Amino acid sequence: MSAVIEVRELSRWYGLVMGLNNVSFDIEPGLTGLVGPNGAGKSTLIQVITGQLQPSSGSISVLGERPWNNPNLLKRIGYCPERESLPSELKPRDWLRSLALISGVAPRSAGAMSEALLHRVKLDPAHWDKRMGQYSKGMRQRVKLAQALLHEPELLILDEPMNGLDPMGRQEIAGILSGLAKEGKSILVSSHILAELESLCKNNLVLNWGRVLATGSRQDIRSNLKSWSEQLSVTCDNPRKLAEVCFRAGVLNGFDLTEKEDELVLRIREPESFYSRWTELLLESGVTVYGIRGQSRSLQQIYEKVTQ
Amino acid sequence: MALIDAGYKRVECLRTGIWQRRGVIAMNSLRACLEVPWMRRFVTLAWIMCLVQTSILFLVGQLLVPGGVIGDVVKGLGGPLRQITNGLMAWLGANPDISVHTIYNILFFFFSTILSTVSYFAVALALPHLITRDLSSNAIIVYSSKAVNRFDYVLGKFAALFGVLTLTWLGPLCVAWFLGNALSPNWHFFWHSRVALFHTLIYVGTSMVFLTIMGLGVSALSPKEKSTVSVWISFWILGGAFVALGTISKGWLKHFSFSYNLEQIAIATFDLRNEIETAAENVPGVKQTIGQFLREPELTGAIIGLSVMAAAAGAVVWRKAKPE
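Residues numbered from 1 in each chain as written. Chains lettered and ligands numbered in written order. Predicted model: local features only at pLDDT ≥ 70, side-chain atom pairs only at ≥ 80, totals over all residues.

Counting its secondary structure elements, chain B contains 15 helices and 0 strands. Expressed as a percentage of its 324 residues, the buried residues of chain B come to 43%. Taking all contacts inside chain B whose residues are at least 6 apart in sequence as the whole, residues at least 24 apart take part in 80%. (Helix = DSSP H or I, 4+ residues; strand = E, 2+ residues; numbered from the N terminus. Buried ≥ 20, exposed ≤ 12 C-beta atoms within 10 Å, placed from the backbone. Contact = placed C-beta atoms within 7 Å.)

Let's shift gears to the nonpolar core. With 152 residues, the main nonpolar core has Ala126(B), Leu161(B) and Leu216(B) as its most contacted residues. With 14 residues, helix α8 (residues 150-182) of chain B is the single largest residue contributor to this core. Those residues in contact with Leu216(B) that sit more than four places away from it in its chain are Leu130(B), Ile131(B), Val154(B), Lys157(B), Phe158(B), Leu161(B), Ala313(B) and Val317(B). In terms of nonpolar packing, the next biggest core, distinct from the first, is built from 13 residues, Cys236(A), Leu264(A), Leu266(A) and Val287(A) among them. (Core = buried A, V, L, I, M, F, W, Y, C linked by C-beta atoms within 7 Å.)

Turning our attention to the domain arrangement of chain A. It is common to give the size of an interface as the accessible area lost on bringing the parts into contact. Partitioning chain A into structural domains gives domain 1 (5-223) and domain 2 (225-306). Its C-alpha centre places domain 1 of chain A at a distance of 40 Å from the equivalent point of domain 2 of chain A. (Domains from an automatic or database assignment.)

In this section: the interface of chain A and chain B. Counting residues at the interface gives 32 residues for chain A, matched by 29 residues for chain B. Mapped onto the side of chain A that touches chain B, the elements with two or more residues apiece are α2 (71-74), α3 (92-102) and α4 (107-120) of chain A. Looking at the side of chain A that touches chain B element by element, the count peaks at 6 residues for α4(A).

Now for helix α10 (residues 271-285) of chain A. Residue and element names in this part refer to chain A. The end-to-end C-alpha separation of α10 is 19 Å, in line with the 21 Å expected for 15 residues at 1.5 Å each. Along its length, α10 shows its largest kink, about 50°, at Trp-278. The first or second residue beyond α10 is Gly-286, which carries a positive phi of 75°. (Expected span 1.5 Å × (residues − 1). Bend = angle between axes of the 7 residues up to and from the residue.)

The next point concerns the packing of α3(A) against α4(A). Residues and elements named next belong to chain A. Between α3 and α4, the shortest axis-to-axis distance is 8 Å and the interhelical angle comes to 130°. Taken together, the axes of α3 and α4 lie oblique to each other. The hand of the α3/α4 crossing is right-handed. For the pair α3 and α4, contact is made by Pro-92, Arg-93, Leu-96, Arg-97, Ala-100 and Leu-101 and by Pro-107, Ala-110, Gly-111, Met-113, Ser-114, Glu-115, Leu-117 and Leu-118, respectively. (Axes fitted to C-alpha atoms, helices over the stretch in contact; angles between N-to-C directions. Parallel < 35°, antiparallel > 145°, perpendicular 65-115°, else oblique. Left-handed = near helix turned anticlockwise from the far one by under 90°.)

Moving on, we get to the pairing of strand β1 (residues 5-14) of chain A. All names here are of chain A. In the sheet, β1 pairs with strand β4 (residues 57-62) via 5 bridges, with the strands oriented antiparallel. Across the sheet, residue Ser-11 finds its bridge partner in β4, namely Ser-57. Strand direction decides the pairing type here: β1 and strand β2 (residues 17-27), joined by 7 bridges, are antiparallel. Its bridge partner lying in β2, Leu-10 is registered against Val-23. (Pairing = 2+ DSSP bridges.)

This is the structure in structure tokens:
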């Protein structure tokens, strides 16, 4: 599958400050999450992808074209910026209609298209005739998302699209994004709400200090972090004995005896070698096991680990 | 069951060209400008001036041709008023160069300069609706993500302000020219007044281009509406102060005033010096009353001054009218 975004040795400086530092990665079709703390370079990367910033060095290809100063490419990209970007004195239908016309939609179709999209982002028609200055943040987010979808782009770039939405709204927007991905659109979505990205995105790109720290699926990222141990929670009749046997075998980074008397948390050094000896170690310890629960890493934990 | 179909409806549509897209940016901004109540008042004032000018052109036309409405009215008059009017008509008839060429030229110069003041106010009112609000609302980020580049965006805004000035300046003058000639007793007036129209188009057209570029520059200076309007008004008033200063000290200081520079272009374009000299040779008192226009226009300084201002404004627009 060919990448929708290919970035090679890309850097972007703001004077002496480096926004992106020699990053290289590919983004495949589908839903991809862009994760990183404030100042990580997410917005810089998004601005470079959408052609609003010129790279200082390196190359970037979006849908096979260079994005800088390329309106033809912008016809194929939808962009939902993080910042407030709605003219407060306008009504959403009028604004979307204008943007549709600017995007090249014929006048007779622009109105219908705008209304279809307002339905799509689930903005209540009762609010369509209000000026956007009167809107709540969540409503404005929906209009911003609608404008990004206006010209039926192949690639959607969404910068913090869930900001300001209530839980139900987030779920609705996540549903819309999943639906769009199923329709074959490629979507790059950045967010600080990592739990949502974890359930939403197939792949993730972790940025910090202008560098790519990790890329790929959650499993890929986890397997790349060999020094970072898996955790296994075991409930048994003699946790100390089991911990001693495993520790002596050299397969642990450490262990924790919890407040519960019969529970032990093992911090595994290398999952493959640990699980190949796990049955043997259990037999050697002679403990009676009541339960085993794997503590797979959430994206939040991965994110915290790689951005430390 | 949902009352509305919330599914993603693909709307099949024809795609439009870049000029139409630029036109949308222009029309949106123009509409926003015209929604300002004071802007509508200034546009109305400009068109009232158009009617006044049309009326004057009508009266002049009737005076110039024997058998016109004025002639008929005069026949019914008695006493000295009839003698004066008859004398004026006879003199105008005997001096066709002055009566047609000069009078029309002076009238169009006069109304062009009056409407320029109306237009400076109109620019002040339009400024927030050009680039300023797009910067303050960050809507410029969204525009820049659509299939138009910065040049298209700026061109659209240029067309919007040019449209405002057409409504307050060039439009009323052209309509007055057409109506004034259409109401004249002789179709030859269209031909005889062509020079005045040509001068108007040259002067007002050039001024509108300079004024639009400068207006866009000020509009892009700040995302705060009050700031941009204040800068424009200050720019205008300070220009007047520089003219006063230039009269008593260094003359080039006068070219810091865009209104002074535009006035110099008007004097040079309408060639009033030549017109007034011709009139002064034939009409007593002309030299004393409008002798100020006998000064040679400072055209080179005016063009340099306006070019520098336009270049600075263009640089501001190019630097600020972008999302970065």
